[in-house]
2 protein chains.
Amino acid sequence: MPSYQAPVRDMKFLLTDVLEIERYSNLEGFADAPPDVLDAVLEGSATFCEEVLAPLNAVGDRVGCVRHADGSVTTPPGFKEAYQQFVEAGWPTVGGDVNFGGQGLPHIVTLALNEMVSSANMAWGMYPGLSHGAYSAILAHGTDEQKATYLPKMVSGEWTGTMNLTEPHCGTDLGLLRTKAVPNGDGTYSITGQKIFISAGEHDMAENIVHLVIARIEGAPMGTKGISLFVVPKFLVNADGSLGERNPVACGNLEEKMGIHGNATCVMNYDGAKGWLVGTEGKGLNAMFVMMNEARLGVALQGLSQSEVAYQNAAAYAKDRIQGRSLSGVKNPEGAADPIIVHPDVRRMLLETRAFNEGARAFLFWTALYGDLLHKSPDAATREKADDYMGLMTPVLKGYLTDKGFSNAVQAQQVFGGHGYVEEWGMSQFVRDARIAMIYEGANGVQALDLVGRKLAANGGRGVRTFMAEIDAFLADNAGDANLEPFCIGLKTARDQLEQGTMWLMSNGLSNFDNAGAASTDYMHLFGLTAFALMWAMMAKAAYARVGGGDPFYDNKIKVGRFFVDRMLPETAAHLAKMQAGADTMMAMPADAF
Amino acid sequence: MPSYQAPVRDMKFLLTDVLEIERYSNLEGFADAPPDVLDAVLEGSATFCEEVLAPLNAVGDRVGCVRHADGSVTTPPGFKEAYQQFVEAGWPTVGGDVNFGGQGLPHIVTLALNEMVSSANMAWGMYPGLSHGAYSAILAHGTDEQKATYLPKMVSGEWTGTMNLTEPHCGTDLGLLRTKAVPNGDGTYSITGQKIFISAGEHDMAENIVHLVIARIEGAPMGTKGISLFVVPKFLVNADGSLGERNPVACGNLEEKMGIHGNATCVMNYDGAKGWLVGTEGKGLNAMFVMMNEARLGVALQGLSQSEVAYQNAAAYAKDRIQGRSLSGVKNPEGAADPIIVHPDVRRMLLETRAFNEGARAFLFWTALYGDLLHKSPDAATREKADDYMGLMTPVLKGYLTDKGFSNAVQAQQVFGGHGYVEEWGMSQFVRDARIAMIYEGANGVQALDLVGRKLAANGGRGVRTFMAEIDAFLADNAGDANLEPFCIGLKTARDQLEQGTMWLMSNGLSNFDNAGAASTDYMHLFGLTAFALMWAMMAKAAYARVGGGDPFYDNKIKVGRFFVDRMLPETAAHLAKMQAGADTMMAMPADAF
């Protein structure tokens, strides 16, 4: 049975040593998160995730969710009780708005908690995870009345939320959607249609479920401009806040999936359900993107989360499993064989995974800090930079972290040999669960296209120029530091290749959009690797400043970082070469020849 | 529900146009496979695989195998009947020795059939597949009496066979095994011990199962030198060939696995079962490697097989699924959207998979031809080259083809978006089934180590030098061919990088074995890519010689090949760079810091 220990030490290293968040104690919320509070929050959450959620992960996979004839859904044994504990302990309130019962701590703190939840039990974590997206959409676009009706219960966790976008014939291309909203004449709408792949669409963990649904108001134009967003509660809410009658929205089926069996993935049937417009008519996609961008970062976090827990279990197995002898001489002479961690190729699999995990965590935390600065910084230039970065980094994080998160889970499973393939050992579940993150909230190919087709060009390419300038400033600041030299050389090479890739896109992607599409996934990975190179240089700098005090943490951090630079970063050149090959060989063959 | 069409056209192209097997019609068996016979065999097998085996693939996954209280095992509905048809049609006899009822056709023909079987239903294909390894071991090392007892029924398929190597505490390191063989005084042995992960160890498809088991004869030394091989039938065989009493060997449990649910993966308990020594006492590993090498090529084929069937279904989906519009202008103006195959990134996923499939098939067929030449060529130099190649290419094929076969199945699943994650669509099964091929018959890290630590150095590196010389000869022969120029440039670059990698291993791997281990997986992939570059150059040459007759097959072949050279081959440089980084950063961290 796999286990999980939350990487609290690594999180604190990022928050205090690398990102130095105490610099921002003048900002709203940050003042409420001094080191001692931070410690208490991280450690309390770690205990809950390790002791309550992680032990439920395997049963969630094995038993899954069950839909009953009346459309109700039972979650796996223990899920409901764990959620109750979670709510009672106040965990959902940590990052919530203080006006609606939240503690208002920085988003970066919530991110740390979410990573732990997702590593411990990804399927369970999606119930509160999706609530947060729905909460954010109402917070950003809802009326005061809608906020007062829904937000306090969503912040407390008593109610959960969902996002209802996909329909059987349309996923990526939401302009095709058919769900319709007919005005009832009293300001409400009657929503009818079918939505699919609705995570946490129906369950038994909360007393109400707040569905956010995109639909087309009767008579609205086809395409994305005809789309509006609605809030459609499972139970209507009375004026006094109590629950009223059941809205005609029901789970018609549960999907049988490769993984995340503990999460109810529902077909949702809206049969004249009562809904309220959120935001402006016809601007549903804008409002939806508030949820979507948040959800994308949450999914990026899932990529990291499965890679992290898979690594931990693989490392433990590699230290324990006795098989064969070291190539460089016996290491365990008393035993019949050496532990397999003596083998370089086993270490390669572990280190690729670990170097990813630590780099990904840094990249996520660094981005989340900009998310906080975007809303809270008093400085307009900082807010502009933060806005640019959030736009630019979101598809990179979602695409790169989930591609690698999955392949790392596979790699960690490989360390177990045949036992990795047997369900009992739990590694298969990490792989099967991690797989979905590459697909939902916009498949990774869509992320790559969003990056090259939209985010890169926004504001004349200001975001990527700012990012280059930030790298250049780091390189200039640390030019004389012999310790950091290998990190800086790697970062410089990657940065130059990213620049060449960007220039190639500008020269070739605008004249032939297929060139941009053909280059998109390689560019996304090139971007991810370059961002990791900056993260590792920053972490190495922070670690070198503290190394030598007898604590091996900093020394190990530097060693893992050197592995990243030597053995993972060289992939940038291949991505650039592939991009530069252009679209011609990709588009040459007629469609019917496939 | 996924479908499968056997790539008969592509197989014929390889056999007749690329490898020109009619050149070998002077050799035993080849004369029996003229074009019309070959066509009949390939097309007959294709029909069986498409119509009988493929429709059973999903049910095999869903229902799986069931073990009953008495240790008997029921295979999924339809499996037994399909096997009966398979035997009645004589398919198992195609490559079998003519002295034991086989048709004696070249191994390369069997390979083609096996690919079809494995694409149609990988789990089902393992029942006859493992029989063949057991058959080969008895054929190579058995006594005349053993051959007469077992081989006719194994060739006909009436009996199946298994390989029993792994024990709970030892997989890769067989020197640790504990199963013991006690002489009964009458030339037979009494075998006692537990074996795990025994594919097809017990089932209801054949009347007898012939287990080949490695064990330690009482008093034999520890380590690999004390290992002997035994044949242990499920039912003892009477002198007249009829079945006698049940041997005390039984299935104690079935593993619950990530995939290949249709194959019974058994814990086998030997409780004083009667066995007969196969080959020489203490030379069990040698005899076992006959099975093992054959099994490794069979597993390489599984990597291709899942990538092939996953590609076919993804290509069909991409041409059918309407979503979004082409970046370069509407392609389907009558429809609400364009089929997703208009998107470069969707084509990238499909073409990477297809270019792999066609390259892998060529590489396997090319190697299988050497397998035939090894046994049948009258020319000593040809036999030596064939022997070198079989040794050298087996780990590359097993490791590279299964790593890529799995990642391609994942990529094909990705084309389906959310539907790829839902079991009903069948893409998840291809991914889950393909995953095992990276693990069993020697995990891919073990293949990589076998390549750099043993196969590369054999006979002073003669094999890799011969391979380089073969590439050089191709380049020299085609130096003036403008059509082939891009293929030759790609091949030359890859060849030079493989040479640099080989030189680096010689200079650094012998002085520090950890350098060899640290480089091994990257070297294996570099080798695989280079071999593919040769295969694509050979295929392009054969296609250019035939292009222009109105048949788009050859033109498409060249286009897929150009995609390989432009967009996949550039990965060689990254593998070389990673190798050259050496083992230091990999070995620096103490084991307890993982």
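Above this note sits the structure.
Keep in mind that this is a model prediction, so the values were computed, not measured. (Residues numbered from 1 in each chain as written. Chains lettered and ligands numbered in written order. Predicted model: local features only at pLDDT ≥ 70, side-chain atom pairs only at ≥ 80, totals over all residues. Heavy atoms only, no water.)

Attention now moves to the overall build of chain A. Helix and strand counts for chain A stand at 19 helices and 11 strands. Scaling as 2.2 N^0.38, a compact globule of 594 residues should have a C-alpha radius of gyration of about 25 Å, and chain A matches this with 24 Å. C-alpha atoms of chain A, sized along the principal axes, occupy 80 × 60 × 60 Å. Out of the 594 residues belonging to chain A, those deemed buried represent 63%. Sequence-distant contacts, at least 24 apart, represent 74% of the contacts inside chain A between residues at least 6 apart. Accessible surface, chain A as shown: approximately 20000 Å² in total, 52% of it carbon and sulfur. When the 47 positive and 67 negative side-chain charges of chain A are each reduced to one mean point, those points stand 4 Å apart. (Helix = DSSP H or I, 4+ residues; strand = E, 2+ residues; numbered from the N terminus. Rg over C-alpha atoms; globule rule 2.2 N^0.38 Å. Buried < 20%, exposed > 50% of the residue type's maximum accessible area, 1.4 Å probe, protein only. Contact = heavy atoms within 4.5 Å. Areas by Shrake-Rupley, 256 points an atom, 1.4 Å probe, with all protein chains shown as cover. Lys, Arg positive; Asp, Glu negative; His and termini not counted. Charge placed at Lys NZ, Arg CZ, Asp CG, Glu CD.)

With that out of the way, let us pick up the interface of chain B and chain A. Where interface size is quoted, it is often the accessible area lost as the parts come together. Facing 90 residues of chain B, the contacting portion of chain A comprises 90 residues. In total, about 7700 Å² of surface goes out of reach between chain B and chain A, with carbon and sulfur atoms giving 60% of it. Summed over the shared surface of chain B and chain A, the result is four salt bridges. Of the charged contacts in the structure, one is a salt bridge between Lys578(A) and Glu571(B), with a shortest N-O distance of 2.5 Å. Here chain B and chain A share 52 residue pairs in polar contact (both at pLDDT 80 or more) between them. At eight residues, the largest contribution of residues to the side of chain B that touches chain A is made by helix α16 (residues 513-544) of chain B. Counted by class, the side of chain B that touches chain A contains 46 nonpolar, 21 polar and 23 charged residues. (Buried area = accessible area lost by both parts, 1.4 Å probe. Salt bridge = Lys/Arg side-chain N within 4 Å of Asp/Glu carboxyl O. Polar contact = N/O pair within 3.5 Å; in protein donor to acceptor, adjacent residues only side chain to side chain. Nonpolar A, V, L, I, M, F, W, Y, C, P; charged D, E, K, R; others polar.)

As a further point, take the packing of helix α1 (residues 8-18) of chain B against helix α5 (residues 107-120) of chain B. All names here are of chain B. At their nearest, the axes of α1 and α5 sit 11 Å apart, and the two run at 160° to each other. For the element pair α1 / α5, the angle class is roughly antiparallel. Crossing handedness for the pair α1 and α5: right-handed. Here Val8, Met11 and Leu15 of α1 lie close against α5, whose contacting residues are Ile108, Ala112, Glu115 and Met116. (Axes fitted to C-alpha atoms, helices over the stretch in contact; angles between N-to-C directions. Parallel < 35°, antiparallel > 145°, perpendicular 65-115°, else oblique. Left-handed = near helix turned anticlockwise from the far one by under 90°.)

On to the relation of the copies chain B and chain A. Here chain B sits on chain A after a turn of 180° about the axis and a move of 0.0 Å along it, with an RMSD of 0.0 Å. Taken together, the turn and the small shift mark the pair as related by a two-fold rotation axis. Across chain B, the rotation axis passes nearest the C-alpha of Ala574(B), at a separation of 3.1 Å. A high fraction, 100%, of the interface residues of chain B reappear at the interface in chain A, so the copies pair face to face through one surface. (Least-squares fit on C-alpha atoms with pLDDT ≥ 70 in both.)

This brings us to helix α13 (residues 444-455) of chain B. Taken residue by residue, α13(B) has Asn444(B), Gln447(B), Ala448(B), Asp450(B), Leu451(B), Val452(B) and Lys455(B) as its buried positions. The secondary structure elements touched by the buried residues of α13(B) are α10 (380-415) of chain A together with α8 (284-320), α10 (380-415), α12 (427-437), α15 (485-508) and α16 of chain B.

Looking now at the packing of α10(B) against α12(B). Residues and elements named next belong to chain B. Running from N to C, α10 and α12 cross one another at 165°; their axes reach a closest spacing of 9 Å. Between α10 and α12, the angle is such that the two are roughly antiparallel. Here the hand of the crossing between α10 and α12 comes out left-handed. Where α10 abuts α12, its residues Lys398, Thr402, Phe406, Ala409, Val410, Ala412 and Gln413 lie against Met427, Ser428, Phe430, Val431, Ala434, Arg435 and Ala437. Taken together, the residues of the contact of α10 with α12 sort by class into nine nonpolar, three polar and two charged.

Attention now moves to the nonpolar core. Counting residues in each nonpolar core, the largest one holds 422 residues, and the members touching the most others are Trp366(A) and Trp366(B). Aside from chain neighbours lying at most four places away, what touches Trp366(B) is Leu19(B), Tyr389(B), Met393(B), Phe467(B), Glu470(B), Leu534(B), Met535(B) and Met538(B). (Core = buried A, V, L, I, M, F, W, Y, C linked by side-chain atoms within 4.5 Å.)

To continue, consider the state of the cysteines. Residues and elements named next belong to chain A. Applying the stated criterion to the full structure yields zero disulfides over all chains. Distance from the sulfur of Cys170, which forms no disulfide, to the nearest cysteine sulfur (Cys266) is 18 Å. Judged by its relative accessible area of 0%, Cys170 falls in the buried class. No disulfide involves Cys266; its nearest neighbouring cysteine sulfur is the one of Cys251, lying 3.7 Å away. Given the relative accessible area of 0%, Cys266 is considered buried. (Disulfide = S-S within 2.5 Å.)

All names here are of chain A. Evaluation of the coordinates by the stated rule reveals 53 aromatic pairs over all chains. Residues Tyr317 and Phe416 carry aromatic rings whose centres are separated by 4.2 Å and whose planes lie at 20° to one another, so their mutual orientation is stacked. With Tyr317 in helix α8 (residues 284-320) and Phe416 in the loop between α10 and α11 (418-421), this residue pair connects regions lying 99 residues apart in the sequence. On the accessibility criterion, Tyr317 (8% relative accessible area) is buried. (Phe/Tyr/Trp six-rings, centres within 6.5 Å; stacked < 30°, edge-to-face > 60°.)

To continue, consider the pattern of salt bridges. Residues and elements named next belong to chain A. Following the criterion strictly, the structure yields 64 salt bridges over all chains and no others. Its salt-bridge partner being Lys559, residue Asp555 comes within 2.7 Å of it at the nearest N-O pair. Of this pair, Asp555 and Lys559 both sit in helix α17 (residues 552-568), four residues apart, which is roughly one turn of that helix. Take Lys559: its relative accessible area is 22%, and that puts it in the partly exposed class. One network of salt bridges, in which partners are shared, links Asp10, Glu115, Glu308, Arg354, Glu358, Arg361 and Lys557.

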